[in-house]
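Single-letter residue listing:
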Amino acid sequence: MEELQFLSNTPDWLWNLVLFGLAVAVGLLFKLIMVPIIRWKAMDEGQYSLFRSSIRHLNKVINVLLPVLFLNAVRPFMRLSPRWEENLDQVIEILLVACSAVIVIRIIRIAEDNINHRFDYEAADNLKARKIRTQTQFIRKFLVTLVVVVTLAAVLLTFESMQKIGAGLLTGVGLGGIIIGFAAQKSLGNLLAGFQIAFTQPIRIDDVLVVEGEWGKVEEITLTYVVLNIWDKRRLILPIQYFIERPFQNWTRTSAEILGTVFIHTDFTVSVDAVRAELTRLLTGHELWDGQVNVVHVTDIKEQTMEIRALMSCRNSGDAWDLRCYVRENLIAFLQAHYPQSLSRTRIELVEQ
């Protein structure tokens, strides 16, 4: 009886503060007990673990969610005036909505990690992995945007004044709706272009492109633009609709394999067979050559020079660039050492009058 009387005599602010602290403490304690158990379970699952990925993505939001849940459980026992009770209920509702949205976004990221783990993105021929990653990144960004919009709408609807504004906007469709539609037309076009790129895939993450005269790799595809990582570390940013409406080169559309070319302009007296033998010697055993294509052709003859093309195959465009530089340098050195008279030259004939 004395304990009950003591509790009834406790000031309301102190009672509410104790319940609030108790809810926060129990929530954090529950998290401290649960997380080590999950981590222990994840230790037996190798380098990648769904549990480990879940902890990494959900760890911070759980710090807020669990105390809010326990606070919601003890709220009926708090001694609050009707006004404060209404305000606290609204705050708890907003926090629960926000935490739920963050959890949904994190679950989307967990699913993306799980999908990416199933494909070897670092493989030499990673066409399928890049295809899947492009789709998952676009779907993730679209779903996250959708969750954020729905969450903001749900939070605004918890305020009575916002409900009236929302009802007024819904009934005032007419001219305002037409204006908004015209204003959003380009954005909607980019969004639809993003869907088309994600599923028809004229470009993918890590594809090698030549766009606007620039050579680079696709670094990022968002809902509205594409980031191209140029070979010299610059970034070319283009609207996503560009890749639907305008032509561009994709060197890795169907495979990461690519042919490298080296052009050399020489005098007509050069021995093409010697150049062909030297190219074979340079490529044989070289780590960048995939062993499939090794060709030397005379591709053009002009008034003063002969154009020789050396063609070689590589596993990817990066290897092709390095191998082309290697072959170009060594073929020139070979000609300088063995056929200096066959280097490109200009002839002048002096005729005595």
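Residues numbered from 1 in each chain as written. Predicted model: local features only at pLDDT ≥ 70, side-chain atom pairs only at ≥ 80, totals over all residues. Heavy atoms only, no water.

Overview of the overall build of the chain
No. 1: Tallying secondary structure elements over the chain gives 11 helices and eight strands in all.
No. 2: When burial is assessed residue by residue, the chain has 35% of its 353 residues classed as buried.
No. 3: Within the chain, counting contacts between residues at least 6 apart in sequence, those at least 24 apart form 67% of the total.
No. 4: Within the structure as shown, the chain displays about 22200 Å² of accessible surface, and the carbon and sulfur contribution to it stands at 62%. (Helix = DSSP H or I, 4+ residues; strand = E, 2+ residues; numbered from the N terminus. Buried < 20%, exposed > 50% of the residue type's maximum accessible area, 1.4 Å probe, protein only. Contact = heavy atoms within 4.5 Å. Areas by Shrake-Rupley, 256 points an atom, 1.4 Å probe, with all protein chains shown as cover.)

Things to note about the sheet that holds strand 3 (residues 225-230)
No. 1: With antiparallel pairing, five strands are arranged side by side in an open sheet as 4-3-2-1-5. Edge positions in the sheet fall to strand 4 (235-239) and strand 5 (249-250), since each of these pairs with one other strand and no more.
No. 2: When strand 2 (residues 214-221) meets strand 3, the two strands line up antiparallel, connected through five bridges. Its bridge partner lying in strand 3, glutamate 220 is registered against valine 227. (Pairing = 2+ DSSP bridges.)

Some details on the environment of phenylalanine 138
No. 1: Within the fold, phenylalanine 138 resides in helix 5 (residues 127-156).
No. 2: For phenylalanine 138, a relative accessible area of 2% puts it in the buried group.

Examining helix 10 (residues 272-283)
No. 1: Compared with the 16 Å implied by 1.5 Å per residue over 12 residues, the 17 Å span of helix 10 between its first and last C-alpha is a close match.
No. 2: Restricting attention to buried positions, one finds in helix 10 the residues Val272, Ala274, Val275, Glu278, Leu279, Leu282 and Leu283. Along the axis of helix 10, the buried positions cluster into a sector of 165°, meaning they face one direction only. Exposed and facing more than 90 degrees away from the buried side of helix 10 are Asp273 and Arg281.
No. 3: Residues of helix 10 that are buried make contact with strand 7 (294-301), strand 8 (306-314) and helix 11 (317-338). (Expected span 1.5 Å × (residues − 1). Arc of directions from axis to C-beta.)

Examining the UniProt feature "transmembrane region" (unreviewed entry) in the chain
No. 1: Residues given the UniProt feature "transmembrane region" (unreviewed entry) here are residues 13-40, 61-78, 90-108, 138-159 and 165-184.
No. 2: For residues 90-108, the end-to-end C-alpha separation is 27 Å, with 100% helix and 0% strand making up the annotated structure.
No. 3: The straight-line gap between the two end C-alpha atoms of residues 138-159 is 33 Å; of that span, 86% is helix and 0% is strand. (UniProt positions renumbered as here; feature names shortened; annotations may be inferred.)

What to know about the sheet that holds strand 8
No. 1: The three strands are arranged 6-8-7 in an open sheet whose pairing can be described as antiparallel. Of all strands in the sheet, those bounded by a partner on one side alone are strand 6 (258-266) and strand 7. Sheet twist, expressed as the average angle between the axes of neighbouring strands with direction ignored, equals 25°.
No. 2: As judged from the nine bridges shared by strand 6 and strand 8, these two strands associate in the antiparallel manner. Bridging across to strand 8, phenylalanine 263 finds its partner in arginine 309.
No. 3: Relative to strand 7, helix 10 is tilted by about 145°, and along the sheet it contacts strand 7 and strand 8.
No. 4: Strands strand 6 and strand 8 of the sheet are contacted by helix 11, whose axis makes an angle of about 25° with strand 6. (Axes fitted to C-alpha atoms, helices over the stretch in contact; angles between N-to-C directions.)

Digging into the packing of aromatic side chains
No. 1: The full count for this structure, using the stated rule, is five aromatic pairs.
No. 2: An angle of 80° between the planes, with centres 5.1 Å apart, marks the rings of phenylalanine 243 and phenylalanine 248 as edge-to-face.
No. 3: Judged by relative accessible area, phenylalanine 248 falls into the partly exposed class, the value being 22%.
No. 4: Members of the aromatic cluster, joined through ring pairs, are Tyr242, Phe243 and Phe248. (Phe/Tyr/Trp six-rings, centres within 6.5 Å; stacked < 30°, edge-to-face > 60°.)

A word on unusual backbone geometry
No. 1: Not every positive phi belongs to a glycine, and aspartate 206 is a case in point at roughly 75°.
No. 2: In this fold, aspartate 206 is placed in the loop between helix 8 (185-200) and strand 1 (208-211).
No. 3: In this structure, lysine 233 takes a positive phi of about 80° despite not being glycine.
No. 4: Here lysine 233 shows up in the loop between strand 3 and strand 4.
No. 5: The exposure class of lysine 233 is exposed, given its relative accessible area of 64%.

A few points about a nonpolar patch on the surface
No. 1: A contiguous nonpolar patch, built from Ile139, Leu143, Leu146, Val150 and Phe199 and spanning about 430 Å² of accessible area, is present on the exposed surface.
No. 2: The element contributing the most residues to the nonpolar patch is helix 5, with four residues.
No. 3: As for its placement among the helices and strands, leucine 143 is situated in helix 5. (Patch = residues over 30% accessible without salt bridge, like charges linked within 9 Å, V, L, I, M, F, W, Y side chains within 5 Å. Salt bridge = Lys/Arg side-chain N within 4 Å of Asp/Glu carboxyl O.)

Structural notes on the side chain of glutamine 137
No. 1: Within the fold, glutamine 137 resides in helix 5.
No. 2: Not counting chain neighbours up to four residues away, the residues in contact with glutamine 137 comprise Glu112 and Ile205.

Focus: helix 4 (residues 82-117)
No. 1: The terminal C-alpha atoms of helix 4, which comprises 36 residues, lie 52 Å apart, in line with the 52 Å expected from a rise of 1.5 Å per residue.
No. 2: Buried within helix 4 are the following residues: Leu88, Ile92, Cys99, Ala101, Ile108, Ile110, Glu112, Asp113 and Asn116.

Some points on the nonpolar core
No. 1: Ranked by size, the top nonpolar core spans 24 residues in total, and within it Met312, Leu323 and Val327 carry the most contacts.
No. 2: Only strand 6, helix 10, strand 8 and helix 11 provide two or more residues apiece to this core.
No. 3: When residues no more than four places from it in sequence are discounted, the contact partners of valine 327 are Val262, Leu279, Leu282, Leu283 and Met312.
No. 4: Membership of the second largest hydrophobic core comes to 15 residues, among which are Leu209, Val211, Val218 and Ile230. (Core = buried A, V, L, I, M, F, W, Y, C linked by side-chain atoms within 4.5 Å.)

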